[in-house]
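Residue strings, one per chain:
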Amino acid sequence: MTLNSEPEHRASAKLVRSLTEAGALTPDWAETFRAVPRSLFLPDLVWAHDMVTGRSAPVSRSGDPAAWELAAYANVPLVTQWDDGQHTGSEPGTVPTSSASMPSVVAAMLRDLDVSEGMRVLEVGTGTGWNAGLLAHRLGSGNVVSVEIDEAVADQARGALLRAGLRPETVHGDGADGWPGRAPYDRVIVTAGVRAVPPRWLEQSRTGGVILAPWGTHYSDQDALVRLTVREDGSASGPFLRMVEFMKLRDQRLDWNRFREHVPDFPGDADVSSTTVALADLGGRYEPARFVMGLRVPDCAHVINRSDGDGGGGTATAWFFDLTSRSWAAAVFRSGEPDATVYQSGPRRLWEEVEAAHRWWVGRGEPDHTRFGLTVTAEGQRAWLDDPADSWAV
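Only a predicted model underlies this, so the values are computations on that prediction, with no experimental measurement involved. (Residues numbered from 1 in each chain as written. Predicted model: local features only at pLDDT ≥ 70, side-chain atom pairs only at ≥ 80, totals over all residues. Heavy atoms only, no water.)

A. Looking closely at the overall build of the protein chain. When helices and strands are tallied, the protein chain shows nine helices and 19 strands. Over its C-alpha trace the protein chain gives a radius of gyration of 22 Å, about what one expects of a compact globule, namely 21 Å for 394 residues. Viewed in the frame of its principal axes, the protein chain has a C-alpha envelope of about 65 × 55 × 40 Å. Going through the 394 residues of the protein chain one by one, you find that 51% of them count as buried. Here the contacts in the protein chain between residues at least 6 apart in sequence split such that 58% fall between residues at least 24 apart. Surface accessibility of the protein chain: about 17900 Å² in total, with carbon and sulfur atoms responsible for 48%. For the protein chain, the centre of its 38 positive side-chain charges and the centre of its 53 negative side-chain charges are spaced 4 Å apart. (Helix = DSSP H or I, 4+ residues; strand = E, 2+ residues; numbered from the N terminus. Rg over C-alpha atoms; globule rule 2.2 N^0.38 Å. Buried < 20%, exposed > 50% of the residue type's maximum accessible area, 1.4 Å probe, protein only. Contact = heavy atoms within 4.5 Å. Areas by Shrake-Rupley, 256 points an atom, 1.4 Å probe, with all protein chains shown as cover. Lys, Arg positive; Asp, Glu negative; His and termini not counted. Charge placed at Lys NZ, Arg CZ, Asp CG, Glu CD.)

B. Summary view of the sheet that holds strand β12 (residues 271-275). The strand order across the open sheet built from five strands is β12-β16-β15-β14-β13, with neighbouring strands paired in antiparallel fashion. On the outer flanks of this sheet lie β12 and β13 (300-308), each paired with one strand and no other. Each strand of the sheet is rotated relative to its neighbour by a mean of 20°, with strand direction disregarded. Two strands pair when backbone bridges link them, and β13 and strand β14 (residues 314-322) are joined in this way by nine bridges, in the antiparallel orientation. If you follow A301 over to β14, its bridge partner there is F321. (Pairing = 2+ DSSP bridges. Axes fitted to C-alpha atoms, helices over the stretch in contact; angles between N-to-C directions.)

C. Molecular detail of the packing of helix α2 (residues 27-35) against helix α5 (residues 130-139). One way to put it is that α2 packs onto α5 with a least axis distance of 9 Å and a crossing angle of 120°. As summarised for this structure, α2 and α5 are arranged oblique, according to the angle between their axes. For the pair α2 and α5, the crossing hand works out as right-handed. Of the residues in α5, those in contact with D28, W29, E31, T32, F33 and A35 of α2 are W130, L134, L135, H137 and R138. Residues of the contact of α2 with α5, tallied by class, amount to six nonpolar, two polar and three charged. (Parallel < 35°, antiparallel > 145°, perpendicular 65-115°, else oblique. Left-handed = near helix turned anticlockwise from the far one by under 90°. Nonpolar A, V, L, I, M, F, W, Y, C, P; charged D, E, K, R; others polar.)

D. Seen up close, the sheet that holds strand β11 (residues 236-244). Spatially, the ten strands line up as an open sheet ordered β7-β6-β5-β8-β9-β10-β11-β17-β18-β19, and their pairing is mixed. Unpaired on one side and paired on the other, β7 (169-172) and β19 (391-393) mark the two borders of the sheet. Here the average twist between neighbouring strands, direction ignored, is 20°. Across four bridges, the pairing between strand β6 (residues 144-148) and β7 is parallel. Counted as the bridge partner of V147 is V171 from β7.

E. Seen up close, the side chain of D150. Secondary-structure assignment places D150 in the loop between β6 and α6 (151-163). You can call D150 buried: its relative accessible area is 9%. Among the polar contacts made by the side chain of D150, one reaches the side chain of R250 at a distance of 3.1 Å. Once residues within four sequence positions are removed from consideration, D150 is found in contact with Q81, D84, H172 and R250. (Polar contact = N/O pair within 3.5 Å; in protein donor to acceptor, adjacent residues only side chain to side chain.)

F. Structural context of the environment of R326. Structurally, R326 is set in the loop between β14 and β15 (328-334). Separated by 20 residues in the primary sequence, R326 and G346 have C-alpha atoms spaced 6.2 Å apart. At a separation of 3.4 Å, a polar atom in the side chain of R326 contacts the main-chain carbonyl oxygen of E261.

G. Examining α6 more closely. For α6, which comprises 13 residues, the first-to-last C-alpha distance of 18 Å matches the rise-based estimate of 18 Å (1.5 Å per residue) to within 8%. If you check which residues of α6 are buried, you get V153, A154, A157, A160 and L161. Projected onto a plane normal to the axis of α6, the buried residues spread over an arc of 130° and lie on a single side. Opposite the packed face of α6, turned more than 90 degrees from it, sit the exposed residues Q156 and R163. Summarising the contacts, the buried residues of α6 are in contact with β3 (78-82), β4 (96-100), α5, β6 and β7. One or two positions beyond α6, positive phi appears at G165, with a value near 80°. (Expected span 1.5 Å × (residues − 1). Arc of directions from axis to C-beta.)

H. Region of the structure containing the pattern of salt bridges. Tallied over the entire structure, the rule returns 19 salt bridges. In this structure, the salt-bridge partner of R111 is D112, at a minimum N-O distance of 3.2 Å. R111 gets classed as partly exposed once you look at its relative accessible area, which sits at 29%. A relative accessible area of 15% means that D112 is categorised as buried. The partner of D223 in a salt bridge is R195, with the nearest N and O atoms 2.8 Å apart. (Salt bridge = Lys/Arg side-chain N within 4 Å of Asp/Glu carboxyl O.)

Below is the structure:
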């Protein structure tokens, strides 16, 4: 397959060079990235996402071809669908539900997948089809199966793959079920955030096979890329590689509406106390403290609401909601005050669990995510620090 134009060739070559220099793209993938350009898989209207501000801006190929091509080859994520396809118009929708991942993320995940000739790969989350196209070019279309839950997205990806001269099996279905018709797989690569590893992925993998997936807890939107190796007994275990953030599997999304009845009247009859734990101690986006809190405080959702005050001060409230009961906690941090006010309600003392998790993390030298790992068995999931034998349920 060849590129459509000399400008596209130059843009693609420039992207390959930058990804290679950054260490995301390994030499064995370079020719594939040159041969299968991202632009072939993008719709006419995309929304370029700014990772710093969190805002997405529309870019139309018909309205501004130069800006569209620049976005197509930029190392930025591009939203391609909002609100499960219910959104119309060029302005951003409410919730992004399909996208083209950052090229550096795509390249690094394919590097970590560690494929070789003859391997059979299952991809969960087809999206635009670019990742499936890269795999098909490298391994042969007959060795790649990609599953997409959204029928319209699957159809668009299938069309793009055909135009690119690639024919991996593209299935409209629930990726959590895998695709047993082509199992067993040597590799499973997941391009959606996972909160519980579906057992079908393990069942459909060869012994020694690898499952590469963005995994996290409902505590936050954070994901960490986990690389699980499947064992003879059907379990799988492996380390977290780095922090990422993906749209979640549709049936594993957190519905925040479920907490509407948790706090009918704040603070109501909640118990009141204080804490010397600072807001910064809870960790920011991509910081290990927040990820570890999710590992050590299971079945808990966490969000921070901020309000700016006069003179640059303000108040931040960290909320914690139990997923299995009506228990909740809130820690209110006020600018200039050394202690925060804590409110707790329900049988589960969520803030006390958060404080204990923070002490545990500090007491072990504040390890980052790369020292943690995950083991998945038929009984559930267990996280561990340094040693898989020393684990706890998540």
